[in-house]
Every structure is written in structure tokens, then in C-alpha cells.
Amino acid sequence: MADDHSEIDAILPAIAAVPCFAELDLEILTAIADAVVTMHYETDQVVFLEGDRCAGLGIVRAGRLKGVRLSSSGREQIVTVLGVGEIFNAASVFAGAPNPVTMIALEPSTVWLLPTRTLNDLQDRYPALTRGIAQSLAVRVLHLVDLVEDLSLRTVEMRLAHTLLKHAQGNIVLREAWATQAEMSARLGTVTYVLNRVLRSFEEEGLIDVERDRIHILDPATLAARADSQ
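Reference entry: report on the structure contained in this document. Predicted, not measured: the structure shown is a model, and the values here were computed from it.

## Section: the pairing of strand S3 (residues 56-62)
Line of reasoning, step 1. Here S3 lies mainly inside the structure; five of its seven residues are buried.
Line of reasoning, step 2. Sheet analysis places S3 next to strand S8 (residues 109-115), joined by six bridges and oriented antiparallel. Looking at S8, one finds that Val60 is bridged to Val111.
Line of reasoning, step 3. Of the strand pairs in this sheet, S3 and strand S6 (residues 87-88) are connected by two bridges, and their pairing is antiparallel. Bridging across to S6, Gly58 finds its partner in Phe88.

Structural data, given as C-alpha cells:
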């Protein structure tokens with residue numbers, strides 16, 4: 001917890017910048033800033049494990065995290081990737097349920113934890129806090145609905161085409177240091193050799209050009225048709 005007024009004042013702007021807290025007044029933001037516990041994680045360090053008791057609401061202060069589910073064989077499915085200002089574990093807090101995924105740092109990261117008991121007390125005092133968290137949770141549910149659709153109704157080729165177009169900026173998809181082929185495969189619900197085969201196929205057809213740190217989309221119209229093909 002923040003232990004003096006200067007520390008609270010220092011983190012207040014970052015708390016206010018969290019989207020689900022954007023509409024809250026200064027009194028609520030100050031209460032949150034006073035209650036959060038700051039934790040630091042290195043790359044690949046586990047933040048928490050699937051099935052463990054939920055300790056509270058997580059807020060990404062810096063860095064990037066991934067939430068994964070693991071099969072009995074050890075195969076990883078990335079359920080979500082979170083950046084600065086995003087929250088996680090809201091559903092577990094509300095439902096009194098264990099952690100639904102294993103959360104892992106993709107790069108050096110800082111997390112604020114709002115302990116469950118403290119969060120419940122704050123929600124009793126400030127109903128507006130619940131509304132903000134519920135809105136963020138609703139967005140996450142819609143994302144998971146899209147993920148289910150992707151995994152059940154689209155082929156790997158369709159999922160890759162859709163993902164490239166979704167993340168492109170000016171027909172360029174930048175690849176962060178953590179975005180290895182294995183990470184991409186896990187996000188798309190496939191295995192590395194299948195992803196590599198589809199990437200090579202797209203390159204051979206002149207749809208994309210793959211570089212170490214970026215992917216150039218050369219034919220967005222055809223790629224869009226591949227994403228929507230049935």
C-alpha cells in the first residue's frame with residue numbers, strides 16, 4: 001500500500017489514466033491509490049497461477065502480460081495480452097472464484113494489486129467504482145466471444161489473416177521482442193510449424209513480406225478476402 005501522501009500524489013495521475021477509472025472523482029481515485037500494492041516482475045515470471053486463490057484486482061502499471069490456459073500436454077493457449085492501464089481478474093473477484101488463467105510477464109512489468117477485501121470495501125462506499133470495472137469486464141467478455149468464434153469457426157489461415165489486418169498500422173505489423181513464432185502460435189490456437197507453413201504460403205503468394213521485427217502487408221484486399229472466406 002502507498003504509505004505517505006507524496007507517494008499517493010505521485011501515482012494518482014497513473015491511476016486516473018486507467019480507462020475503467022476515468023470517470024471517477026478524486027476522492028475515489030485517492031482511495032484506490034492509497035490501497036494498491038505494487039509488484040514487479042521480470043520477463044517470463046509468473047504473476048499468478050490458474051486455479052490459485054484470487055488475491056484481488058490486477059492493474060498493469062508498466063510492461064505487458066499474457067493470460068494463458070495450459071492443456072494436460074502442456075500446450076499453451078493465450079487467452080489475452082494486456083498492456084498499460086488494463087485490469088485483470090475482475091471476474092474472479094466478483095465471483096469469488098480462483099484465478100481463471102495463469103498470468104505471465106511478457107517483458108519487465110509492474111502490477112498494482114487491489115486486494116479483494118479492500119476492493120469490496122471500496123465498492124460498498126463508491127458504487128461508481130463497480131460500474132467502471134463492470135464495463136471493462138463486459139469488454140473482456142466480448143473479446144472472449146470473438147476468441148471462441150475464431151477458434152471454432154475459422155481456420156488457422158483465416159485467423160492469421162484476420163490478426164494481421166487487425167494489428168496493422170499503415171500495412172505494417174510491428175513485432176515486439178516477445179512476439180516470437182511460439183507466442184503467435186499460442187495466440188492463434190495452433191502450433192509453430194503450422195503457423196510457419198501458413199506464413200510461408202502467404203509470402204509465396206505475394207500477400208505479405210516477413211522481416212525480423214515487422215510484417216509488411218503487400219495485398220490487403222486479398223488478405224481480407226482470406227480472413228472472411230468460409
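## Quick word on the sheet that holds strand S2 (residues 46-48)
Line of reasoning, step 1. A sheet is described by the order of its strands in space; here four strands give the open sequence S2-S7-S4-S5, paired in antiparallel fashion. Only two strands of the sheet have a single partner each, and these edge strands are S2 and strand S5 (76-82). Adjacent strand axes in the sheet meet at a mean angle of 35°, parallel and antiparallel pairs treated alike.
Line of reasoning, step 2. Relative to S5, strand S4 (residues 65-70) runs antiparallel, the two sharing six bridges.

## Regarding helix H4 (residues 116-125)
Line of reasoning, step 1. Listed in full, the buried residues belonging to H4 are Leu119, Leu122 and Gln123. Down the axis of H4, the buried side of the element spans an arc of 100°, and every buried residue falls inside it. Exposed side of H4, more than 90 degrees from the buried face: Arg117, Asp124 and Arg125 are the residues found there.
Line of reasoning, step 2. Packing partners of the buried residues in H4 comprise helix H2 (26-35), S3, helix H3 (90-95), S8 and helix H5 (127-153).

## Description of the side chain of Asn99
Line of reasoning, step 1. With respect to the helices, strands and loops of the structure, Asn99 is situated in the loop between H3 and strand S7 (102-105).
Line of reasoning, step 2. Within the structure, Asn99 has its side chain in polar contact with the backbone oxygen of Leu49 (distance 3.1 Å).

## Quick notes on the pattern of salt bridges
Line of reasoning, step 1. Tallying each qualifying case throughout the model produces eight salt bridges.
Line of reasoning, step 2. Linking Glu76 and Lys66 is a salt bridge whose minimum nitrogen-to-oxygen distance equals 3.0 Å. Taken together, the residues Glu76 in strand S5 and Lys66 in strand S4 connect sequence positions ten residues apart.
Line of reasoning, step 3. Residue classification places Lys66 among the buried positions, given a relative accessible area of 5%.
Line of reasoning, step 4. We note a salt bridge from Arg226 to Glu157, for which the minimum N-O separation is 3.7 Å.

Rules behind the numbers
Residues numbered from 1 in each chain as written. Predicted model: local features only at pLDDT ≥ 70, side-chain atom pairs only at ≥ 80, totals over all residues. Heavy atoms only, no water. Buried < 20%, exposed > 50% of the residue type's maximum accessible area, 1.4 Å probe, protein only. Helix = DSSP H or I, 4+ residues; strand = E, 2+ residues; numbered from the N terminus. Pairing = 2+ DSSP bridges. Axes fitted to C-alpha atoms, helices over the stretch in contact; angles between N-to-C directions. Arc of directions from axis to C-beta. Contact = heavy atoms within 4.5 Å. Polar contact = N/O pair within 3.5 Å; in protein donor to acceptor, adjacent residues only side chain to side chain. Salt bridge = Lys/Arg side-chain N within 4 Å of Asp/Glu carboxyl O.

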